[in-house]
Amino acid sequence: SMSLEFSCLCYNGFWFAPEMDLVRNSIDFSQRDVEGIVELELYKGNITITGRKSPKSLYNADLASMDIEGGGEAFDYNPADAQGFIRINSVRLKTYAALRAKDN
């Protein structure tokens with residue numbers, strides 16, 4: 001992960017190395033559209049996120065809801081589309097399980 005690479009480079013003293021420039025620029029690039037407000041609650045050394053608001057949020061309650069019929073139509077999304085995705089991703093797991101069963 002990017003944070004692990006960043007920490008390793010810092011720990012090893014490579015702050016001015018070209019690979020550190022790459023990591024820092026990658027982090028800056030990934031955060032270019034991040035803005036908003038996060039509400040926190042602090043209590044006895046604990047921190048709890050109690051709310052988030054962002055004008056650039058990708059979350060859409062209508063799209064995420066299972067209760068709204070046709071909620072994703074405006075986004076060209078049909079929940080049935082996920083079935084193929086799940087089947088494709090399960091192929092490797094089924095193959096792995098079959099190989100493990102064969103070995104035992």
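This text follows the structure it describes.
Residues numbered from 1 in each chain as written. Predicted model: local features only at pLDDT ≥ 70, side-chain atom pairs only at ≥ 80, totals over all residues. Heavy atoms only, no water.

## What to know about the pairing of strand β1 (residues 37–43)
Worth spelling out the cut-off: Here's how the labels work: a residue is buried when its accessible area is under 20% of the maximum for its type, exposed when over 50%, partly exposed in between, all with a 1.4 Å probe on protein chains only. Helix and strand assignments follow DSSP, with helices taken as H or I runs no shorter than four residues and strands as E runs no shorter than two, numbered in order from the N terminus. Strand pairing is defined by DSSP finding a minimum of two bridges between the two strands.
Counting buried positions over the seven residues of β1 gives zero, only a small fraction of the element. Of the strand pairs in this sheet, β1 and strand β2 (residues 46–53) are connected by seven bridges, and their pairing is antiparallel. Opposite Val-38, over in β2, you have Arg-52 as the bridge partner. Taking the residues that link successive antiparallel strands as the turn, the β1-β2 hairpin has two residues, and the phi of Lys-44 there is positive, at about 50°.

## Let's talk about the packing of helix α1 (residues 2–11) against helix α2 (residues 18–30)
The description of two helices packed together rests on the angle between their axes and the distance between the axes. What counts here: Note on method: axes are straight lines fitted to C-alpha atoms, helices fitted across the in-contact stretch only, with angles between N-to-C directions ranging 0 to 180 degrees. Should the near helix be turned anticlockwise from the far one by less than a right angle, the crossing is termed left-handed; should it be turned clockwise, right-handed. Contacts are assigned to residue pairs with any non-hydrogen atoms lying within 4.5 Å of each other.
The N-to-C vectors of α1 and α2 enclose an angle of 145°; their axes lie 10 Å apart at closest approach. The handedness of the crossing between α1 and α2 comes out as left-handed. Residues Met-2, Glu-5, Phe-6, Leu-9 and Cys-10 of α1 lie in contact with α2, whose contacting residues are Glu-19, Met-20, Val-23, Arg-24, Ser-26 and Ile-27.

## Side note on the pattern of salt bridges
We apply this condition: The term salt bridge refers to a pairing of a side-chain nitrogen on Lys or Arg with a carboxyl oxygen on Asp or Glu at a separation within 4 Å.
Going through the model one piece at a time under the given rule, you end up with four salt bridges. Note that Lys-56 is salt-bridged to Asp-33, the shortest N-O span being 3.5 Å. One end of the pair, Lys-56, is in the loop between β2 and α3 (61–64); the other, Asp-33, is in the loop between α2 and β1, and 23 residues separate them in sequence. A relative accessible area of 44% places Asp-33 in the partly exposed class. Among the charged side chains, a network of salt bridges with common partners joins Asp-33, Glu-35 and Lys-56.

## Details of unusual backbone geometry
Unlike most non-glycine residues, Lys-44 shows phi in positive territory, near 50°. By the element assignment, Lys-44 lies in the loop between β1 and β2. Residue Lys-44 is classed as exposed on the basis of its relative accessible area of 71%.

## So, the packing of aromatic side chains
For the record, the criterion: Two rings from Phe, Tyr or Trp (for Trp, the six-membered ring) form a pair when their centres are within 6.5 Å of each other. A pair whose planes differ by under 30 degrees is stacked, one over 60 is edge-to-face, and the rest are tilted. As a reminder, the over-ring test applies to NZ of lysine and CZ of arginine, requiring each to be within 6 Å of the ring centre and within 35 degrees of the ring normal.
Considering all chains together, one arrives at one aromatic pair under this definition. On the basis of an interplanar angle of 80° and a centroid distance of 5.8 Å, the ring pair of Phe-6 and Trp-15 is categorised as edge-to-face. Just above the ring of Trp-15 sits the side chain of Arg-24; from NZ or CZ to the centre is 4.8 Å. Over the ring of Phe-29 we find Arg-32, and its NZ or CZ is 3.9 Å from the ring centre.

## Section: the environment of Ser-7
Along the chain, Ser-7 turns up in helix α1. When the C-alpha positions of Ser-7 and Met-20 are compared, they lie 10.0 Å apart, and in sequence the two are 13 residues distant.

## Points about a nonpolar patch on the surface
Convention followed: Only residues above 30% relative accessible area that lack a salt bridge enter a patch, with like-charged residues linked at up to 9 Å and the nonpolar side chains Val, Leu, Ile, Met, Phe, Trp and Tyr linked at up to 5 Å. Only the protein chains shown count as covering a residue, and every accessible area follows the Shrake-Rupley method with a 1.4 Å probe.
A surface patch of nonpolar side chains, about 520 Å² in accessible area, is lined by Val-38, Leu-40, Leu-42, Ile-47 and Ile-49. Among the elements of the structure, β1 and β2 are those that each provide at least two residues to the nonpolar patch.

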